[in-house]
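Structural description and commentary
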Amino acid sequence: MSLSTLPHSSIPILDALASCRAWRQKAFDEKKSVGFVPTMGALHDGHLSLVRRSLSENDLTVVSIFVNPAQFAPHEDLNTYPRTLHRDLEKLMGQQATVAGDTRTPSAVFLPSVSDIYPSGINQDVASQRGTFVEVKGYSHQMEGASRPTFFRGVATVVTKLFNAVQPTNAYFGQKDIQQALLLRKLCRDLLFQYPNAEHVHIVPTERDPVDNLALSSRNLYLSTEERSVANTLYKALQAAESAWASGETKYECISAAEALVKEAAKVATTRGISMNLDYIQMNDSNTFEILDGQLQRKSTDGAPVVLSGAVWVGKTRLIDNIVIGDLDSIVQ
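Residues numbered from 1 in each chain as written. Predicted model: local features only at pLDDT ≥ 70, side-chain atom pairs only at ≥ 80, totals over all residues. Heavy atoms only, no water.

Just so we agree on the cut-off: UniProt positions are given in the numbering used here, feature names are shortened, and annotations may be inferred rather than shown by experiment.
Within an unreviewed UniProt entry, the label attached to the protein reads Pantoate--beta-alanine ligase, and the organism entered is Paxillus rubicundulus Ve08.2h10. According to the UniProt record, the Catalytic activity (unreviewed entry) comment for the protein reads "(R)-pantoate + beta-alanine + ATP = (R)-pantothenate + AMP + diphosphate + H(+)". Database annotation for the protein, UniProt heading Pathway (unreviewed entry): "Cofactor biosynthesis; (R)-pantothenate biosynthesis; (R)-pantothenate from (R)-pantoate and beta-alanine: step 1/1."

1. Here we look at the domain arrangement of the protein
Rules: Note: domain ranges come from an automatic or database domain assignment. Contacts are residue-level and defined by heavy atoms, with any inter-residue pair within 4.5 Å sufficient. Put simply, buried area is the surface a 1.4 Å probe can reach on two separate parts but cannot reach once they are joined, added for both. By definition here, a salt bridge exists when the distance from a side-chain nitrogen of Lys or Arg to a carboxyl oxygen of Asp or Glu is within 4 Å.
When cut into domains, the protein gives domain 1 (13-204) and domain 2 (218-330). When each unit is reduced to the centre of its C-alpha atoms, the spacing between domain 1 and domain 2 is 26 Å. The partner domain 2 presents 21 residues to the 26 residues of domain 1 that form the contact. Interface of domain 1 and domain 2: buried area, both sides summed, is about 1900 Å²; carbon and sulfur atoms make up 52% of it. Run the count over domain 1 and domain 2 and you get two salt bridges.

2. Description of the nonpolar core
Put simply, the rule reads: Only buried residues count toward a nonpolar core. Its members are Ala, Val, Leu, Ile, Met, Phe, Trp, Tyr and Cys residues joined through side-chain atoms within 4.5 Å. The cut-offs for exposure are 20% and 50% of the maximum accessible area for each residue type, with area from a 1.4 Å probe on protein chains only; residues under the lower value are buried, those over the upper are exposed, and the others partly exposed. Secondary structure is summarised from DSSP: a helix means a run of H or I of at least four residues, a strand means a run of E of at least two, and numbering begins at the N terminus for each.
The biggest cluster of nonpolar side chains holds 49 residues, and the ones touching the most others in it are Val62, Phe110, Phe163, Phe173 and Leu187. Per element, the largest residue contribution to this core is 10 residues, and it comes from helix 6 (residues 151-166). Apart from residues no more than four positions distant in its own chain, Leu187 is found in contact with Val134, Val136, Ala156, Thr160 and Phe193. Ala241, Ile281, Leu292 and Ile325 belong to the second largest nonpolar core, which has 29 residues in total.

3. With respect to the packing of helix 9 (residues 233-246) against helix 10 (residues 251-271)
As a reminder, the rule being used: Fitted lines through C-alpha atoms give the axes, limited to the stretch in contact for helices. The angle between two N-to-C directions lies from 0 to 180 degrees. Throughout this description, any angle smaller than 35 degrees is read as roughly parallel, any larger than 145 degrees as roughly antiparallel, any in the 65 to 115 degree range as roughly perpendicular, and the remainder as oblique. When the near helix sits turned anticlockwise from the far one by under a right angle, the crossing is termed left-handed; a clockwise turn instead gives a right-handed crossing.
Here helix 9 crosses helix 10 at 150°, and the two axes come no closer than 8 Å. In terms of orientation, helix 9 lies roughly antiparallel with respect to helix 10. For helix 9 against helix 10, the interelement crossing comes out right-handed. Of the residues in helix 10, those touching helix 9 at Thr233, Lys236, Ala237, Ala240, Ala241, Ala244 and Trp245 are Lys251, Cys254, Ala258, Leu261, Val262 and Ala265.

If you want it as structure tokens, here you go:
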């Protein structure tokens, strides 16, 4: 997208890799810290909470907007994914933080082209792809990876490229996509990233609707009014599992309680003409991502926090959510 066709913005727009690198070099020269919030656009309050966190902790903050083809399977919603650039820029222009009397606002928006990110081209069909891709072996097939087997390959690849372009001091991700964020920490550690290093990949608590606690997501825009009224079912189910776990029930009993809640809610929704189908609810070790043993109670095998997560289809919209059980501060920071 050329600058002549971009909407007005008081925030500098970096619409090419070269301009992003020039901007970053200036920040290096001025010895300024850079916070980075990678997004696919369709910004909501969850994204904006990451921006505000970055503003409060860094001299400069850059937000990228790039709908990544490599993390959509051929049957998924790449072409219909919400694209709201004008609105996104308006929201970003309204963000600020005051630090030691200094008012900070977003410093730049990075809008790379597909050809910048994938110079060898990109195809949603993994078997047809050519070029360099990144995989985090052993951590991409569980949880979300079980339902979306090529998803984390696409995420790891695009974030590696974005980190190489922006070279942030700190990067910020939301807890709603917790497996993604934890996997990216492992990626930075394993590939010896300096900008950012693994300790500077921050996970920020999930922002929720103040009325019904639905996790904020760009895909919530797909929901009809009727579907939106039952969209918080997954979170209620996770809360039921969390309560059962706290009461000393086994992992198997906790998951069964959550699944039963979703199935009952789905029956009621059907009478209102709303389709709801459970994809999965599971409890995984936050270090290994391995599924907890069904008879386990109170803690994971190695004492690490437990990730209680799930996905549900409401109509044609797939919603995800999670709750961290245990030492939350060791993950969300």
